[in-house]
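What follows is the residue order along each chain.
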Amino acid sequence: MDRFTPLNLSNFLTESSMKKLIAIFAITALVASCNSNRGRGELVGAKGKKWYPEKPYGMTLVPGGSFLMGKSDDDFVAVNDAPTRTVTVRSFYMDETEITNAEYRQFVNWVKDSTVRLRLAILADEVGAVPGDGGIGEFAFVDQENQEMTPWEQYNYDNYYGMGDDFYAGRKINNDVDLILQPGEYPDEYYSEVMDTMYIPAEEAYNGQRTIDVSKLNFQYTYMDIQAAARAKGKRRKDFIIKEDINIYPDTTVWIKDFNYSYNEPMHNDYFWHEAYGDYPVVGVNWKQAKAFCAWRTLYKNAYQKSKGKPYVNTFRLPSEAEWEYAARGGLESATYPWGGPYAKNDRGCFMANFKPLRGDYAADQALYTVEADSYEPNDYNLYNMAGNVSEWIDSSYDPGSYEYSSTMNPSVNDPANKRKVVRGGSWKDVAYFLQVSTRDYEYADSARSYIGFRTVQDYMGTNIILNKNFGDAR
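Engineer: Just to check I follow, could you spell out the sheet that holds strand β9 (residues 420-424) for this structure?
Structural biologist: The pairing of strands in a sheet happens through backbone hydrogen bonds and is either parallel or antiparallel. If you walk across this open sheet you meet the 4 strands as β10-β9-β8-β11, and the pairing is mixed. The open sheet is flanked by β10 (441-444) and β11 (452-453), the only strands paired with a single partner. Strand direction decides the pairing type here: strand β8 (residues 391-397) and β9, joined by 3 bridges, are antiparallel. Along β9, the bridge assignment pairs Trp393 with Val423. Strand contacts of helix α8 (residues 287-307): β8 and β9, with the helix running at about 85 degrees to β8, the strand carrying the most contacts.

Quick look at the structure:
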């Protein structure tokens, strides 16, 4: 062959080989063409699934912005803990009402059912009971040999389960089988044994009723102290993961303990559980229990998101002090109350909130104790009872001088060593001063009261929503 003669592949390849080579060239060209068309060789960024903001159920969007925080009039009680200053907060969702008894009961019922299922699964594991036995084995952990697991679940079971302080941590309980609640229908003695441990001892029952032992209703969750982790050096991530184990049942005795020489036993007996009070704000919940509720609400929602293949939502949490005051003002600058002010009555002489308007007269506003969480008119952010009804736990520690040193951008002061936590809004038993949007008060984190409840917030993600004061709308 002349060294200047063009190479002819057909001289060296069979017909079959030629067809394969042409096919490879075609596929390579197609892939190159697709990749080239996708970004045309430009930096276009990694793209994920299209995301759309979803307003959480029962919440309203509070558009971010700046406002005058603190006392806008004379501090006639001379507390001097809320000097006026301008701060800015980002957009967030907030519950339209305080968390109600019915909503908190959903949390209690979930913890109760999960506790029962876990105890059933543990005993089934200990006695070797398996699904199909018609007894406690039907509630065994779903990683038992005769139940299906995904490869990922099998991997975790083989490599991680049983290695921590809690031998059963991470094991998956069976939520697909209905619990049997009627004693006469319990399937075997093992099931009866577990259910018996969930109720108060027989000698403590009266009127023929054995009620749930609420001391067994504990909720465990973990979170990371991101503030401390971000500022620390030389420590590992696990050093900032905090585990909480909280008894979540409200303290119904607060109706007795908060008022000496006062008959409030009907509220103690009925307020939390009776359906007549289902839409009333939950009380008797301390700051730690309110935080546990936020963690559960996040877990509960994200479990649903995961089952539907949807992205996780942001955590639910308690509001910061600045967020709460900003939301309570409803876009009104320097107002005394959420409705404006400076009066607690409207032009028809009706009280605008549930509080103690007159000395010794709790019912002058048509309510002796609390009222339904959506009572009275909402403010301009569609938030109900930001003044009165029940005071609300805030995710901020109370320091009289915190306004002097906290940031003016999303200010938040939460010192774990400071057990005094801010409460805002005033309650059904407070005078009008505590209803003012700028008034600060506090209670200790482990204390529960008949006049303190809470509502939750969630960070907003998406297109920037900022209140434009010049036009009176959000842009």
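From this point, things continue past the structure.
Engineer: I would appreciate a short explanation of a negative patch on the surface in the present structure.
Structural biologist: Residues Glu103, Asp279, Glu372 and Asp374 make up a contiguous surface patch of negative charge. What makes Glu372 partly exposed here is its relative accessible area of 33%.

Engineer: Help me understand the pattern of salt bridges in this model?
Structural biologist: Charged atoms that come close allow side chains of opposite charge to pair. Counted by the stated rule, this structure contains 17 salt bridges. Its salt-bridge partner being Glu392, residue Arg455 comes within 2.7 Å of it at the nearest N-O pair. Taken together, the residues Arg455 in the loop between β11 and β12 (457-459) and Glu392 in strand β8 connect sequence positions 63 residues apart. The same class applies to Arg455 as to Glu392, namely buried. Salt bridges sharing common partners tie together Glu321, Glu325, Arg329, Arg424 and Arg440.

Engineer: Sorry, what's going on with the side chain of Arg117 here?
Structural biologist: Inspection of the secondary structure assignment puts Arg117 in helix α2 (residues 101-127). Although buried, Arg117 forms no salt bridge, and the nearest oppositely charged side chain, Asp178, lies 5.2 Å from it. With near-sequence residues (within four places) excluded, Arg117 lies in contact with Phe139, Ile173, Asn174, Asn175, Val177, Asp178 and Leu179.

Engineer: I tried to follow the packing of aromatic side chains on my own but got confused; where do I start?
Structural biologist: Two descriptors summarise a pair of aromatic rings, namely the distance from one centre to the other and the angle between the planes of the rings. Across all of its chains, the model carries 35 aromatic pairs by this definition. Ring geometry for Tyr369 versus Trp428: centroids 5.6 Å apart, planes at 70 degrees, classification edge-to-face. With Tyr369 in the loop between α9 (321-329) and β8 and Trp428 in the loop between β9 and β10, this residue pair connects regions lying 59 residues apart in the sequence. The exposure class of Tyr369 is buried, given its relative accessible area of 19%. Over the aromatic face of Phe141 sits the side chain of Arg171, whose NZ or CZ is 4.3 Å from the ring centroid. Here the guanidinium or amino end of Lys429 rests over the ring plane of Tyr451, the centre of that ring lying 4.3 Å away.

Engineer: Just to check I follow, could you spell out the layout of surface pockets for this structure?
Structural biologist: To find the voids left in a structure, one rolls a probe of water-molecule size over its atoms. If you add up the space inside the second largest pocket, you get close to 920 Å³. In terms of lining, the second largest pocket is formed by 37 residues, of which the most central are Pro56, Tyr57, Arg297, Lys301 and Phe316. At the level of secondary structure, the elements contributing two or more residues to the lining of the second largest pocket comprise β4 (92-95), α2, α8 and β12. Considering each element in turn, the lining of the second largest pocket owes the most residues, 6 residues, to α8. Classifying every residue of the lining of the second largest pocket by side-chain character gives 17 nonpolar, 7 polar and 13 charged.

Engineer: How do you make sense of the packing of α2 against helix α4 (residues 189-197) when you look at a structure like this?
Structural biologist: Helix packing for two helices is described by the angle between their axes and how far apart those axes are. Their axes nearest at 10 Å, the elements α2 and α4 cross at an angle of 140 degrees. With respect to α4, the axis of α2 lies oblique. Crossing geometry of α2 relative to α4 is assigned as right-handed. Across the interface between the two elements, Val116, Arg119, Leu120, Leu123 and Val127 of α2 pack against Tyr190, Tyr191, Glu193, Val194, Met195 and Thr197 of α4. Across the contact of α2 with α4, the residue classes tally to 8 nonpolar, 1 polar and 2 charged.

Engineer: I'm lost on the environment of Ala230 in this one. Help?
Structural biologist: Among the structural elements, Ala230 can be located in helix α5 (residues 226-231). The exposure class of Ala230 is exposed, given its relative accessible area of 63%. Note: C-alpha distance between Ala230 and Phe240 (10 residues apart in sequence) is 9.8 Å.

Engineer: Could you clarify how one ought to interpret the environment of Arg210 in this entry?
Structural biologist: Mapped onto the fold, Arg210 is located in the loop between α4 and β5 (218-224). Along the primary structure Arg210 and Asp196 are separated by 14 residues, whereas in three dimensions their C-alpha atoms are 9.8 Å apart. Other than its neighbours up to four places away in sequence, Arg210 contacts Asp196, Tyr199, Ile200, Pro201, Ala202 and Ala205. Of the polar contacts made by the side chain of Arg210, one reaches the side chain of Asp196; its length is 3.0 Å. Polar contacts involving the side chain of Arg210 include one to the main-chain carbonyl oxygen of Ile200, which spans 2.9 Å.

Parameters and conventions
- Residues numbered from 1 in each chain as written.
- Predicted model: local features only at pLDDT ≥ 70, side-chain atom pairs only at ≥ 80, totals over all residues.
- Heavy atoms only, no water.
- Pairing = 2+ DSSP bridges.
- Helix = DSSP H or I, 4+ residues; strand = E, 2+ residues; numbered from the N terminus.
- Contact = heavy atoms within 4.5 Å.
- Axes fitted to C-alpha atoms, helices over the stretch in contact; angles between N-to-C directions.
- Patch = residues over 30% accessible without salt bridge, like charges linked within 9 Å, V, L, I, M, F, W, Y side chains within 5 Å.
- Areas by Shrake-Rupley, 256 points an atom, 1.4 Å probe, with all protein chains shown as cover.
- Salt bridge = Lys/Arg side-chain N within 4 Å of Asp/Glu carboxyl O.
- Lys, Arg positive; Asp, Glu negative; His and termini not counted.
- Charge placed at Lys NZ, Arg CZ, Asp CG, Glu CD.
- Buried < 20%, exposed > 50% of the residue type's maximum accessible area, 1.4 Å probe, protein only.
- Phe/Tyr/Trp six-rings, centres within 6.5 Å; stacked < 30°, edge-to-face > 60°.
- Lys NZ or Arg CZ within 6 Å of the ring centre and 35° of its normal.
- 1 Å grid on protein atoms, 1.4 Å probe; cavity = no way out; pocket = protein on both sides within 12 Å on 5 of 7 lines; lining within 4 Å.
- Points joined across faces, edges and corners; volume = space filled by probe spheres on them.
- Nonpolar A, V, L, I, M, F, W, Y, C, P; charged D, E, K, R; others polar.
- Parallel < 35°, antiparallel > 145°, perpendicular 65-115°, else oblique.
- Left-handed = near helix turned anticlockwise from the far one by under 90°.
- Polar contact = N/O pair within 3.5 Å; in protein donor to acceptor, adjacent residues only side chain to side chain.

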